[in-house]
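# Structure assessment
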Amino acid sequence: MLLTTMDNSKLIAEIKRLKAEKNAVILAHYYTLGEIQDIADFVGDSLALAQQAAKSTADVIVMCGVHFMGETCKILCPNKKVIVPDLAAGCSLADSCPAADFGEFVKAHPGYTVLSYVNTTAAVKYYTDIVVTSGNALKIVNSLPADAKIIFAPDRNLGTYINNVTGRNMLLWDGACHVHEQFSVEAIVKLKAEHPNAQVLVHPECKRSVVLLADKVGSTAVLLKHAVESDCQEFIVATESGIMHEMTKQAPQKKFIPVPPEVSEGSVGCSCNECAYMRLNTLQKLYDCLLNEAPEIHVDENIIERAKLPIDRMLELSK
Ligand code: 13P
Ligand code: SF4
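Below: a short report on this structure. As the structure is a computational prediction, the values presented were derived from the model and not from experiment. (Residues numbered from 1 in each chain as written. Chains lettered and ligands numbered in written order. Predicted model: local features only at pLDDT ≥ 70, side-chain atom pairs only at ≥ 80, totals over all residues. Heavy atoms only, no water.)

Taken together, the neighbourhood of ligand 1 is formed by 14 residues, with His-29, Ser-46, Ser-134, His-203 and Thr-220 sitting nearest. Separating an oxygen atom of ligand 1 from a side-chain N or O atom of Ser-134 is a distance of 2.6 Å. About the coverage of ligand 1: the protein hides 96% of its 300 Å² of free accessible area. In a pocket analysis with a 2 Å cut-off to the grid points, ligand 1 is assigned to the largest cavity. Per-class residue counts for the shell around ligand 1 are five nonpolar, seven polar and two charged. (Near = heavy atom within 4 Å. Polar contact = N/O pair within 3.5 Å; in protein donor to acceptor, adjacent residues only side chain to side chain. Areas by Shrake-Rupley, 256 points an atom, 1.4 Å probe, with all protein chains shown as cover. 1 Å grid on protein atoms, 1.4 Å probe; cavity = no way out; pocket = protein on both sides within 12 Å on 5 of 7 lines; lining within 4 Å. Sits in = over half its atoms within 2 Å of the grid points. Nonpolar A, V, L, I, M, F, W, Y, C, P; charged D, E, K, R; others polar.)

What follows is the structure, given as structure tokens:
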């Protein structure tokens, strides 16, 4: 059946029908469009999505997020079909760590425990001892011996945050996320002056100068939980603006103020607090991918075998 983007309610009905027919489960990250989050069976942060995939009994997993999330599902569920609405949904942070360069770097540092953020390709996870997410990184680093020599890749901002909180001196790969790098101290200070009672919520992928302004630092799930449970009624949100969909849903009486991205000359009109990759997931593409069971995520068997170990370690250490 050919459906256009004009038929949203029809698309939603068809997605639900196909999902049941194919025993599929739809997983979505908090940064995807609200309409995608609303139709998903499960919405979560990177950690929760991996945990959900690991225990799924579905035959088909539809990952509405970005490519590395699809790869993580495939590594955890190699016998299931993992499909995504758009294969082009990548991640600038994962791109900042090419596997061949990282492999050389690891080889040049024998004796180091290699920690990789989940925002990496499967090929980078191949060289990794333990995967972490922003939701469990502190716990996992704290579980390692105090004198452990650690490599952390690829996010220098998350790595700096972990070093500062844990007192470690991890060797950091020099990568970053193009969305979280945009948030500026000036924009937050200005918003704080306009909303003096608001708390500042910051994702640890932001620069250190921004993290220092935070009332709460954490993964998307941690920031959401804090916003819902806190007595505070106003929040300045320094992460991808998609999270505000679930914040507003769970705490409709509260006010959520997105941090506007740094507006430099030439960037007028850009929505830099939105991840363009995440927003490639649309209802139409979700319908198409369920109908065609494509595009499918494929990961080389040798990589799956090796990359599963650090993901399993992460899941074990997150219990
Ligand atoms: P979390 O889902 O761990 O909060 O990470 C955010 C992110 O950048 C996902 O790509
Ligand atoms: Fe990657 Fe940044 Fe988008 Fe997250 S927000 S998927 S880290 S580019």
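Alright, that's what it looks like, and here's the rest.
Here we take up the site of ligand 2. The immediate surroundings of ligand 2 are formed by Tyr-31, Val-66, Cys-91, Ser-92, Leu-93, Asn-119, Cys-177, His-178, Glu-205, Cys-275 and Met-278. If you map ligand 2 onto the pockets, it falls in the largest cavity. The residue inventory of the shell around ligand 2, partitioned by class, reads seven nonpolar, three polar and one charged.

It is the contact of helix α1 (residues 8–21) with helix α14 (residues 283–292), at a shortest axis distance of 9 Å, that shows an interaxial angle of 30°. By the angle between their directions, the pair α1 and α14 is classed as roughly parallel. Every pair of crossing elements has a handedness; the one defined by α1 and α14 is left-handed. Packed against α1, whose contacting residues are Asn-8, Leu-11, Ile-12, Glu-14, Ile-15, Leu-18 and Lys-19, the element α14 presents Leu-283, Gln-284, Leu-286, Tyr-287, Leu-290 and Leu-291 at the interface. Counted by class, the contact of α1 with α14 contains nine nonpolar, two polar and two charged residues. (Axes fitted to C-alpha atoms, helices over the stretch in contact; angles between N-to-C directions. Helix = DSSP H or I, 4+ residues; strand = E, 2+ residues; numbered from the N terminus. Parallel < 35°, antiparallel > 145°, perpendicular 65-115°, else oblique. Left-handed = near helix turned anticlockwise from the far one by under 90°. Contact = heavy atoms within 4.5 Å.)

Our focus in this paragraph is the environment of Cys-206. Mapped onto the fold, Cys-206 is located in the loop between β9 (199–202) and α11 (208–211). Expressed as a C-alpha distance, the spacing of Cys-206 and Phe-183, which sit 23 residues apart in the sequence, is 6.9 Å. Sequence-distant contacts of Cys-206, that is, excluding residues within four places in its chain, are made with Asn-157, His-180, Phe-183, Val-211 and Ala-238.

With that out of the way, let us pick up the pairing of β9. Here β9 runs beside strand β11 (residues 234–238); their pairing, made up of four bridges, is parallel. When the sheet's bridge partners are listed, Val-200 is paired in β11 with Ile-236. Both β9 and strand β10 (residues 216–217) contribute to a ladder of two bridges, which runs parallel. When the sheet's bridge partners are listed, Leu-201 is paired in β10 with Lys-216. (Pairing = 2+ DSSP bridges.)

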